[in-house]
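What the coordinates show
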Amino acid sequence: MHPKKLTLKDRATEILLEKIRESIKARCERIGKEKEVFERIVYIFPTNIVVRNYPRKPLAVFNPGAVLKGNIIEVFPRMVFDYYWYSSSIGKFSLKIEDLIQGTVPKEIETDIIIYPTEPWDLRGCEDPRLYTLPSGEDLVLYTGVSPSQEGVMARQALGLLNEGNFRKLGYLTLKLEEERYETFWKDSAVVDWGYRDAPFLTRPLVPMQNSGVEVGWFGFVDKSDLNMDVKEMKPILFPMSYEQKVGWSTNALKLSSNEYLVGWHGVGQDMIYRNGLALVSSDGELLGITEYILSPRRDLIEFYGDRPGVVFGDGLIKYAEKLIWIGGISDFAIGVFAIDYEIALEHMKNCK
């Protein structure tokens, strides 16, 4: 059964909006303070990328996911080759982690496209990957599948499996209420633990409102048998403040202990600038702690000016030795590698419980 589009009139929308109204009363407050704590390690530009399996040069390379495999970091950039449909694909390149944290990267980085449009629901592009390595060694890849729609574009939270260079699309998430299935504009997700039949998950589906929609960070469970999330079991835990238009999850979630997961988040200010922080979440979806903005685009030519100025976004968060490494996009055209001592990063965490 094809899912129906979630509308303001649906009972599922009513349930989700009521959850937001109730939970926002006890939200963990932030004041919007910016603090620059991440060191800039290196930038990677489109001119550095040499695509081996496609005969075009990328115009933009940004918002990469990342995963650490031994002493090798695998990076999965979003790549754009044209400005007609602005259709994205996702590539992969590998670097030695020690070289990366020293800021030593090749002038030419060999890259292969591994995810590209093949389905009606990702015809307009495959964007913004986040990686989660399974016990089998396969990587679960979350990405945004974008398709044309009567309203312009439709985004769906897509999933796939990567195994030794071979990628298989699994489909995209839908909402469930009893026997009904719904789809909505949906992105910005992170796996908490994929080891359960109902996998704990951080995500951000758009909930319709009159003439608009509300975008907050949710915790819920993905039924792996059909990629549904039951709206009755979802709870909102990350809310925008008055100075923000919206918030969302930015990176993969790092497991710190049996009940603590570290994840990047972003807020889009009323000034349209993307700023980032870290959050600590429990395995059952409690927001344990959150920072103020600790990674924002510098007001310089490299970081602030691009295809979409004023952005640091996503998508890869890695812990290596004593370092926390954030690999993200800068202003929708290039990649920035940012690092901080892990313990210092946690010192900026405000207790939310």
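Below, the structure is looked at part by part. Computed from a predicted structure; not experimentally measured. (Residues numbered from 1 in each chain as written. Predicted model: local features only at pLDDT ≥ 70, side-chain atom pairs only at ≥ 80, totals over all residues. Heavy atoms only, no water.)

1. Structural notes on the sheet that holds strand 24 (residues 287-290)
The 5 strands are arranged 21-22-23-24-28 in an open sheet whose pairing can be described as antiparallel. Two strands in the sheet have a free side with no partner beyond their single neighbour: strand 21 (244-257) and strand 28 (350-351). (Pairing = 2+ DSSP bridges. Helix = DSSP H or I, 4+ residues; strand = E, 2+ residues; numbered from the N terminus.)

2. Considering the environment of Glu-98
For Glu-98, the position within the fold is in helix 2 (residues 97-101). The partly exposed category is assigned to Glu-98, whose relative accessible area is 40%. Each C-alpha atom of the pair Glu-98 and Ile-318 lies 13 Å from the other, and the pair is 220 residues apart in sequence. (Buried < 20%, exposed > 50% of the residue type's maximum accessible area, 1.4 Å probe, protein only.)

3. Let's talk about the sheet that holds strand 27 (residues 334-341)
Spatial ordering of the open sheet is given by 2-27-26-25, a layout of 4 strands whose pairing is antiparallel. Strands at the two margins of the open sheet, each flanked by one partner only, are strand 2 (39-44) and strand 25 (312-320). Neighbouring strand axes in the sheet, compared pairwise and without regard to direction, differ in orientation by 20 degrees on average. Sheet topology note: the strand 25/strand 26 (residues 323-330) ladder contains 7 bridges and is antiparallel. Each bridged residue has a counterpart across the sheet, and for Phe-313 the counterpart in strand 26 is Gly-329. (Axes fitted to C-alpha atoms, helices over the stretch in contact; angles between N-to-C directions.)

4. So, the packing of aromatic side chains
Here the structure, examined in full by the defined rule, presents 11 aromatic pairs. Both rings, one in Trp-265 and one in Tyr-293, keep their centres 5.8 Å apart while their planes meet at 40 degrees; by these two values the pair is tilted. Here Trp-265 is found in strand 22 (residues 260-269), whereas its partner Tyr-293 is found in the loop between strand 24 and helix 3 (301-304), with 28 residues between them in sequence. Each of the two residues, Trp-265 as well as Tyr-293, counts as buried. The residue whose ring lies beneath Arg-156 is Tyr-172, and the NZ or CZ to ring-centre distance is 5.1 Å. When the ring centre of Trp-121 is taken as reference, the NZ or CZ atom of Lys-169 above it lies at 6.0 Å. (Phe/Tyr/Trp six-rings, centres within 6.5 Å; stacked < 30°, edge-to-face > 60°. Lys NZ or Arg CZ within 6 Å of the ring centre and 35° of its normal.)

5. Focus: the environment of Asn-166
Tracing the chain through its elements places Asn-166 in strand 11 (residues 166-172). It is 7.5 Å that separates the C-alpha atoms of Asn-166 and Ile-114, two residues lying 52 residues apart in sequence.

6. As for the pairing of strand 26
Side-chain direction in a regular strand flips from residue to residue, so the side chains alternate between the two faces of the sheet. By the criterion of burial, strand 26 is predominantly enclosed, with 7 of the 8 residues buried. The hairpin formed by strand 26 and strand 27 contains 3 residues between the paired strands, and Ser-331 there has a positive phi angle of roughly 50 degrees.

7. Brief notes about the environment of Asp-300
Along the chain, the position of Asp-300 falls in the loop between strand 24 and helix 3. For Asp-300, a relative accessible area of 30% gives the class partly exposed. Polar side-chain contacts of Asp-300 include one of 2.9 Å to the backbone nitrogen of Glu-303. (Polar contact = N/O pair within 3.5 Å; in protein donor to acceptor, adjacent residues only side chain to side chain.)

8. A word on the side chain of Asn-276
With respect to the secondary-structure elements, Asn-276 resides in strand 23 (residues 274-281). By relative accessible area, which is 0% here, Asn-276 ends up buried. The contact partners of Asn-276, leaving out residues within four places of it in the chain, are Ser-250, Trp-265, His-266, Glu-292, Tyr-293, Ile-294, Leu-295, Val-312, Phe-313 and Trp-326. (Contact = heavy atoms within 4.5 Å.)

9. Details of the pattern of salt bridges
In total, this model carries 30 salt bridges according to the counting rule given. Close ionic contact of Glu-14 with Arg-11 constitutes a salt bridge, the shortest N to O distance being 2.9 Å. In this pair, Glu-14 and Arg-11 are both assigned in helix 1 (residues 11-23), 3 residues apart and thus about one turn of the helix distant. For the salt bridge of Asp-122 with Lys-169, the shortest nitrogen-to-oxygen distance reads 2.4 Å. Taken together, the residues span a long stretch of sequence, with Asp-122 in the loop between strand 7 (109-115) and strand 8 (125-133) and Lys-169 in strand 11 at a distance of 47 residues. Residue classification places Asp-122 among the buried positions, given a relative accessible area of 0%. In this structure, a network of salt bridges that share partners links the residues Arg-130, Asp-188, Arg-204, Glu-215, Lys-246 and Asp-315. (Salt bridge = Lys/Arg side-chain N within 4 Å of Asp/Glu carboxyl O.)

10. A few points about the nonpolar core
Ranked by internal contacts, the top residues of the largest apolar core, which has 31 residues, are Leu-140, Leu-173, Leu-175, Trp-194, Phe-201, Met-229 and Val-231. Secondary-structure elements contributing two or more residues to this core are helix 1, strand 9 (139-149), strand 10 (152-163), strand 12 (174-177), strand 14 (186-191), strand 15 (198-205) and strand 18 (217-223). In terms of residues, this core owes the most to one element, helix 1, which gives 5 residues. In this view, Leu-173 contacts Gln-157, Leu-159, Trp-186, Phe-201, Val-222, Leu-227 and Met-229; residues no more than four positions away in its chain are not counted. The next biggest cluster of nonpolar side chains, apart from the first, holds 24 residues, and it includes Met-79, Phe-81, Leu-100 and Val-337. (Core = buried A, V, L, I, M, F, W, Y, C linked by side-chain atoms within 4.5 Å.)

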